[in-house]
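Report on the structure
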Amino acid sequence: MNFFIADAAAQSGQSQGGGGFEFLIMIAIFFAIMYFLIIRPQTKRAKEHRAMVESLSKGDEVVTGGGLLGRIVELEENFIRIEVANGVQVTVQRSAVAAVMPKGTMKDA
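The sections below set out a description of the structure shown in this document. Note that the structure is a prediction, hence the values are computed from the model and not measured.

What follows covers the overall build of the protein chain. Looking only at helices and strands, one finds 2 helices and 5 strands in the protein chain. Out of the 109 residues in the protein chain, the part that is buried amounts to 16%. By sequence separation, contacts in the protein chain at least 24 residues apart represent 39% of the contacts at least 6 residues apart. With the model as given, the accessible surface of the protein chain reaches about 8500 Å², and the carbon-plus-sulfur share is 61%.

This is the structure in structure tokens:
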């Protein structure tokens, strides 16, 4: 008595081919799941970040990806200068801005 599936299929005389159409449907469903769970949210987030970076203006209080909180003093095409404390200015890339904070978040010391 042999309990292997290959032997059982060989003994019954049935062929196991012909799964091409079902395989294509399964691949299409897998791609749709990947699109809606991974690709679409990531492109939406990137679009929102790009719009936020383009709408930066002088005087906005921002947080960078590294955690610096500061007020925008100067804007250039690819870089911004933020003031993190009185008299302390740092130049960072525009894309490094993670979030725009509400006015008044940064307290004057």
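What follows continues from the structure just given.
For any two aromatic rings, the description comes down to two numbers: the centre-to-centre distance and the angle of the planes. Applying the stated criterion across every chain yields a total of 1 aromatic pair. Consider the rings of Tyr35 and Phe36, whose centres lie 5.1 Å apart with planes at 80°: the pair is edge-to-face.

The next thing to look at is the pattern of salt bridges. Under the defined criterion, the tally for this structure stands at 3 salt bridges. Two residues, Lys103 and Asp60, come together in a salt bridge whose shortest N-O distance is 3.4 Å. You can see Lys103 sitting in the segment after strand S5 (97–101) and its partner Asp60 sitting in the loop between helix H2 (20–54) and strand S1 (61–64), a full 43 residues away along the chain. One salt bridge connects Arg81 with Glu74, and the closest N-O pair in it is separated by 3.9 Å. Among the residues examined, Glu74 registers a relative accessible area of 34% and is labelled partly exposed.

Okay, the sheet that holds strand S3 (residues 79–85) next. Within a sheet, neighbouring strands are paired by backbone hydrogen bonds and run either parallel or antiparallel to one another. The antiparallel open sheet is built from 5 strands, whose spatial order is S4-S3-S2-S1-S5. Sheet topology places strand S4 (88–93) and S5 at the edges, where each strand pairs with a single neighbour. Within the sheet, the average angular offset between the axes of one strand and its neighbour, ignoring direction, is 45°. Where S3 meets S4, 6 bridges bridge the pair, whose relative direction is antiparallel. Across the sheet, the residue bridging to Ile82 is Val90, located in S4.

Below, the discussion takes up a nonpolar patch on the surface. On the surface, Phe21, Ile25, Ile29, Phe30, Phe31, Ile33, Met34, Tyr35, Phe36, Leu37, Ile38 and Ile39 cluster together into a nonpolar patch covering about 1200 Å² of accessible area. Inspection of the secondary structure assignment puts Phe21 in helix H2.

Pairing analysis gives 4 bridges linking strand S2 (residues 69–75) to S3, with the strands arranged antiparallel. Looking at the pairing, Arg71 lines up with Glu83 of S3. The antiparallel pairing of S2 with S3 creates a hairpin that spans 3 residues between the two strands. With antiparallel pairing between neighbouring strands as the criterion, S3 and S4 make up a hairpin whose turn holds 2 residues, including Gly87 at a positive phi of roughly 80°.

Reading guide: rules and limits
Residues numbered from 1 in each chain as written. Predicted model: local features only at pLDDT ≥ 70, side-chain atom pairs only at ≥ 80, totals over all residues. Heavy atoms only, no water. Helix = DSSP H or I, 4+ residues; strand = E, 2+ residues; numbered from the N terminus. Buried < 20%, exposed > 50% of the residue type's maximum accessible area, 1.4 Å probe, protein only. Contact = heavy atoms within 4.5 Å. Areas by Shrake-Rupley, 256 points an atom, 1.4 Å probe, with all protein chains shown as cover. Phe/Tyr/Trp six-rings, centres within 6.5 Å; stacked < 30°, edge-to-face > 60°. Salt bridge = Lys/Arg side-chain N within 4 Å of Asp/Glu carboxyl O. Pairing = 2+ DSSP bridges. Axes fitted to C-alpha atoms, helices over the stretch in contact; angles between N-to-C directions. Patch = residues over 30% accessible without salt bridge, like charges linked within 9 Å, V, L, I, M, F, W, Y side chains within 5 Å.

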